[in-house]
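Here's the letter readout for the chains.
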Amino acid sequence: MKTLFSILIACAALQAAAAECIVPSKPGGAMDLTCKLAREGLKGDADAPALRLSYLPGGIGAVAWHTMAAQRGSEKDTLVAFSGGSLLNLAQGKFGKASENDVRWVAALGADYGMIAVRSDSAFRNLADLLGALRREPEKVLIGVSGTIGSQDWMKMALLAKGAGIDPKVLRFVALEGGGEAFTAMHANHVQVVSGDASEASLYSGAGKVRVLAVLSEQRLPGVLAQAPTAREQGVDVVWPIIRGVWMGPKVADSEYRRWVGSFERMTASPDFDKLRSAHGLYPFTLTGQALTDYIHKAVADYNRQARQFKLIR
């Protein structure tokens, strides 16, 4: 009994000492990958405690945002994953009165890109097949997206449709909570198409059950998705890059914030990090601290202008 009690005490102490990386979605999506990349990359850094992952889905990131910014804003060892989709939600007012100034931006760990996928047994062999079906009978094609109207997954498909002369208003979207749930829904045939991210497609394409119709990058991506054509190759000029990284609460002390920024600067400068990032389905892009904060301000302004095209600002 004493041994068991000692083990429980040790586990509790370990849990208390560990830092936390909050995934603002359900497990299995790209936000999950972001926290896992941070956890693996920071191993061995003396200034960074071990990271444990926790999940706080809801409102496509809104629950995690408001919980951390308003209620847990001073926690010195709590990080939250974010993506370009988080910035798009901020730009559209989906987090209420929140703005990019409400948190402390720590590090961008890599870039991702949008993609469109179907099951490997789908009748859609390429982007033209899908767009043709959406032009003829849009009501018969259910498109799984993380989020609702105006989310970045919705925007990707809306831009592709618009580029092909299709009114996005006729498309049928199914709102889901994260990329993992979207791919699960597609495998169960609840939706026929997933508008998501390349990192998610890399995760789910290994078993040969997924066909990527298009990646929304300037050129073909290396690695697992090397055979997937770009939308540009197929005559639709849509590119959708996605930043991925972590932020902290607004009341974290400057010294603690700088400590975490320093840990991520060392991590991303390590010769081994490129290989680790690639293994997590991401591509080179790193910024930290003030440089990241400046980038975030510009990105939110750019997303705001883009959202106004579809009259999505609240």
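Higher on the page you've got the structure.
These numbers come from a predicted model, not from an experiment.

### What to know about the packing of aromatic side chains
Argument step 1. Within this structure, the stated rule accounts for 11 aromatic pairs.
Argument step 2. Each member of the aromatic cluster is reached from another via a ring pair, and the members are W65, F82, F95, W105 and W247.
Argument step 3. One residue, R104, lies across the ring of Y257, its end atom 4.2 Å from the ring centre.
Argument step 4. Between the NZ or CZ atom of K162 and the centre of the ring of F310, over which it lies, the distance is 5.2 Å.

### Here we look at the pattern of salt bridges
Pairing of side chains with opposite charge becomes possible as their charged atoms draw close.
Argument step 1. A full pass over the atoms with the stated rule returns 24 salt bridges.
Argument step 2. When the shortest N-O distance is used, the salt bridge between R52 and E20 registers 4.0 Å. Note that R52 is positioned in strand β2 (residues 51-55) and E20 in strand β1 (residues 19-23), a separation of 32 residues in sequence.
Argument step 3. Across the salt bridge formed by R277 and D274, the nearest N and O atoms sit 2.5 Å from each other.

### Description of the pairing of β1
Argument step 1. With five of five residues buried, β1 is to be regarded as a mostly interior element.
Argument step 2. Where burial is concerned, the two faces of β1 agree: the one with A19, C21 and V23 and the one with E20 and I22 are both buried.
Argument step 3. Note that β1 and β2 share five bridges and pair parallel. If you follow V23 over to β2, its bridge partner there is Y55.
Argument step 4. Between the parallel elements β1 and β2, the chain passes through helix α2 (residues 30-41) in a crossover that is right-handed.
Argument step 5. Across three bridges, β1 lies against strand β3 (residues 78-83) in parallel orientation. Bridge assignment links I22 to a residue of β3, and that residue is V80.

### Examining the pairing of strand β8 (residues 210-215)
Argument step 1. In terms of residue burial, β8 counts as a mostly covered element, since six of its six residues are buried.
Argument step 2. Bridge count between strand β4 (residues 104-119) and β8: five bridges; the pairing is antiparallel. In the strand pairing of β8, A117 is matched with V212.

### Remarks on unusual backbone geometry
Argument step 1. Of note in this structure, N189 is not a glycine but carries a positive phi near 65°.
Argument step 2. Looking at the secondary structure, you find N189 in the loop between α7 (179-187) and β7 (193-197).
Argument step 3. Exposure remark for N189: the relative accessible area of 45% places this residue in the partly exposed category.
Argument step 4. If you check the backbone angles, K311 has positive phi at about 55° while not being a glycine.
Argument step 5. Counting through the fold element by element, K311 comes out in the segment after α11 (289-309).

### So, helix α6 (residues 152-163)
Argument step 1. In this model α6 runs 16 Å from its N-terminal to its C-terminal C-alpha over 12 residues, within 8% of the 16 Å that 1.5 Å per residue would give.
Argument step 2. Counting buried residues in α6 gives 10 out of 12 residues, a clear majority hidden from the surface.
Argument step 3. Those residues of α6 lying buried are Q152, D153, W154, M155, K156, M157, A158, L159, L160 and A161.
Argument step 4. Of the residues one or two after α6, G165 is the one with positive phi, at around 80°.

Calculation criteria
- Residues take numbers from 1 onward in each chain, read along the sequence in its written order.
- This being a predicted model, a pLDDT of at least 70 is required before a residue's local features are given, and a value of 80 or more before pairs of side-chain atoms are given or counted; all residues contribute to the totals for chains, interfaces and linings.
- Excluded from the side-chain calculation are hydrogens and water; included are all heavy atoms of the structure.
- Two aromatic rings from Phe, Tyr or Trp, using only the six-membered ring of Trp, form a pair when their centres are within 6.5 Å; if the ring planes differ by under 30 degrees the pair is stacked, by over 60 it is edge-to-face, and anything between is tilted.
- Here, over-ring charges are defined by two tests on the NZ atom of lysine or the CZ atom of arginine: distance to the ring centre within 6 Å, and angle to the ring normal within 35 degrees.
- We define a salt bridge as a side-chain nitrogen of Lys or Arg found within 4 Å of a carboxyl oxygen belonging to Asp or Glu.
- Starting at the N terminus, helices and strands are each numbered in turn, a helix being any DSSP run of H or I of at least four residues and a strand any DSSP run of E of at least two.
- Exposure classes here rest on a 1.4 Å probe applied to the protein chains alone. A residue is buried below 20% of its type maximum, exposed above 50%, and partly exposed in between.
- Whether two strands pair depends on DSSP finding at least two bridges between them.
- Look down the strands so they point away from you; if the path from the first strand over the helix to the second goes clockwise, the crossover is right-handed.
- Under the convention used throughout, the expected extent of a helix is 1.5 Å for every residue step, that is, one less than its residue count.

Don't take any of this as a statement about function, it's just geometry.
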